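Observations on the model geometry
Given next are the chains, with one letter for each unit.
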Amino acid sequence: MTLPFTRWPDDFARRYREKGYWQDLPLTDILTRHGDSEALALIDGERRITYRQFRHAVNNLASALQAKGIKRGETALVQLGNVAEFYITFFALLQVGVAPVNALFSHQRSELNAYALQIKPALLIADREHALFAGDDFLNTFVDQHRSVRLVWLRGDEGEHALEAAIDRPAENFIATPTPADEVAFFQLSGGSTGTPKLIPRTHNDYYYSIRRSNEICGITAQTRYLNALPAAHNFAMSSPGTLGIFMAGGCVVLAHDPSATLCFPLIHQHQVTVTSLVPPAVSLWLQAISEGAGNAQLASLELLQVGGARLSATLATRIPAEIGCQLQQVFGMAEGLVNYTALDDSPERIINTQGRPMCPDDEVWVADEHGNPLPRGEVGRLMTRGPYTFRGYFNSPEHNASAFDENGFYCSGDLIAIDEQGYITVQGREKDQINRGGEKIAAEEVENLLLRHESVIHAALVSMEDSLLGEKSCAYLVVKKPLRAVEVRRFLREQGVAEFKLPDRVECLEALPLTPVGKVDKKQLRLWLAERAQG
Ligand code: AMP
Ligand code: DBH
């Protein structure tokens, strides 16, 4: 059994193989290529895991999955944070040919249910440390609602669901059964702009290329020590070059549960970390900590700081080499595929002012006007792209795919960009109906749908407003039957089981929403009002 997904046309697949982008290796090769190496792969708190131990843990879990009757071609819903078990689980599932959706640890009931409805998972792997799974109430309802689930393993469970027990039990005669390299390996999460969160099928071939190429560009070697303080499941953290890049090179990953300076600075010093990745607001907080007395002495080993996920201002970018004392690399990527990097040997001006260039010579990127026609170089318009690691369609979403792609298979990311004469990209804005809250993406429609469930809400529009730390925050404009306070709105959304970062930072009630001449909600006008208010 294989999972359905939109393939690259044959002539593209042939070309991507001929050029060596697709090597027909499973992603598990990232780990198995190290054999029984005693080099350190992973540091998680007090735990130190060598490549040999890592591989054994993976095989044990994979073998336990097979023993439970889990089969190649099935799917899993996984929710684990920045812990060793995230990676052990990921590789174990790949070893048995099961494609996971790795939900973010910040996700709640609403997101988990939405993913499960789409993939119909055979198993659920989650964490007792997450509030949802501290007791059994949600678990019981979930298993009841999603009849496809035959197996539940929980990290930190003491009883029948114990994930650790399955990892510790030695495997006998384990035989790996990964899916073919040109099939779906796992699903990446889209930041989204629609009512239901969309899933991105990623194949072994395309994802492995993305990681391999990222390693080349970022100079990752067996000597690299990488601090992962981004959410483990995020595409940036997994593949640009992220933890999987470090594993591929035989380097060492140090896990942090959050990007705070108080946690990360000592970890960097203690483990002599050389590379890390952050979203812009975390950079602000690091710079603040340094200037308020922490200094940068603990960061002496740090050679490279990658920043991406949201727009990095030139002001902030300039301060990184000066105050943190390491090199900056801008990363403009998307879980759908395309990743752009500034090169390590680019001029400081380029690194500060651009979001880099597409990493693959066969990334096709161009800028379209509102009618889908190409614009001259330098002009601002819609980013259109296709290439050897950019997907060809969201999972089971024919309608949305029809508008997200043009007739030649170019994906329209919803970003507004300009490309200069040398091919460097600058992100200028966004067309998609999304709020980028410091790198955490909020699909406006998803939150609006939840707001409309409230008995007092007649119309709802979620828009971005400028924020000095996060770049953007969200404001909900509501038309209501009776007045609603922000706290009530947030409480209601929390009860709907939605991730905390999606709750509106501000709530405004109106008599009516402004409309465009064609009768759509005029979000431009709403954003303008917010900007005017902010000016004061
Ligand atoms: P996602 O769909 O969650 O994978 O998020 C990808 C989106 O994040 C992109 O389409 C951009 O809108 C945004 N993004 C990522 N990196 C950057 C960056 N360096 N600068 C500006 N926006 C970015
Ligand atoms: O924001 C992103 O999704 C992102 C940012 C940087 C990403 O997916 C990536 C690098 O791979």
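In the block above lies the structure referred to throughout.
The paragraphs below set out a description of the structure included in this document. (Residues numbered from 1 in each chain as written. Chains lettered and ligands numbered in written order. Predicted model: local features only at pLDDT ≥ 70, side-chain atom pairs only at ≥ 80, totals over all residues. Heavy atoms only, no water.)

Quick notes on the site of ligand 2
We apply this condition: Proximity criterion: a residue is near a molecule or strand once any of its heavy atoms comes within 4 Å of it. Pairing of N or O atoms within 3.5 Å defines a polar contact, subject to two protein rules: one partner must be a possible hydrogen donor and the other a possible acceptor, and residues neighboring in sequence count only if both atoms are side-chain atoms. In this text, helices come from DSSP runs of H or I with a minimum length of four residues, and strands from runs of E with a minimum of two, each type numbered from the N-terminal end.
Near ligand 2 you find His-234, Asn-235, Phe-236, Ser-240, Gly-309, Val-331, Gly-333, Met-334, Ala-335, Val-339 and Lys-441, and these make up its full shell. In this structure, an oxygen atom belonging to ligand 2 sits 3.0 Å away from a side-chain N or O atom of Asn-235. Between ligand 2 and Lys-441 there is a distance of 3.0 Å, counted from an oxygen atom to a side-chain nitrogen or oxygen. At the level of elements, helix H9 (235-239) and strand E13 (327-334) are the ones that each hand at least two residues to the shell around ligand 2. Of all the elements, E13 adds the most residues to the shell around ligand 2, at three residues.

Notes on the environment of Pro-280
Let me state the cut-off plainly: Note on contacts: a residue pair qualifies if any of its non-hydrogen atoms lie within 4.5 Å across the two residues.
Inspection of the secondary structure puts Pro-280 in helix H12 (residues 280-294). Considered as a pair, Pro-280 and Thr-75 are 205 residues apart in the sequence and their alpha carbons are 34 Å apart. Look past the residues within four positions of Pro-280 in its chain and what remains in contact with it is Val-307, Gly-308, Ala-310, Arg-311, Leu-312 and Leu-316.

Digging into the pairing of strand E1 (residues 40-44)
What counts is decided by this rule: Burial status follows relative accessibility: with a 1.4 Å probe on protein chains alone, a residue under 20% of its type maximum counts as buried, one over 50% as exposed, and anything between as partly exposed. Think of it this way: DSSP has to see at least two bridges between two strands before they count as a pair.
Counting buried positions over the five residues of E1 gives four, a clear majority of the element. Bridge count for E1 against strand E2 (residues 47-50) is four bridges, and the pairing is antiparallel. Among the inter-strand pairings, Ile-43 is bridged to a residue of E2, identified as Arg-48. Between the antiparallel neighbours E1 and E2 lie two residues, among them Gly-45 with a positive phi of about 65°. As defined by bridge partners, E1 adjoins strand E10 (residues 252-255) across two bridges and the pair is classed as parallel. Residue pairing in the sheet places Leu-42 in a bridge with Val-253 of E10.

So, the nonpolar core
Our working definition: By convention a nonpolar core is built from buried Ala, Val, Leu, Ile, Met, Phe, Trp, Tyr and Cys residues, the set being connected through side-chain atoms within 4.5 Å.
Phe-54, Leu-65, Phe-247 and Ile-324 are the most contacted members of the largest nonpolar core, which totals 151 residues. Here this core takes nine residues from helix H4 (residues 84-95), the largest share from any one element. Setting aside residues no more than four positions away along its own chain, Phe-247 makes contact with Ile-30, His-34, Ala-41, Leu-42, Tyr-51, Phe-54, Tyr-87, Phe-91 and Val-253. In this structure, Ile-442, Ala-460, Leu-478 and Val-489 belong to the second largest nonpolar core, which totals 21 residues.

No statement about biological role is implied by the geometric values presented.
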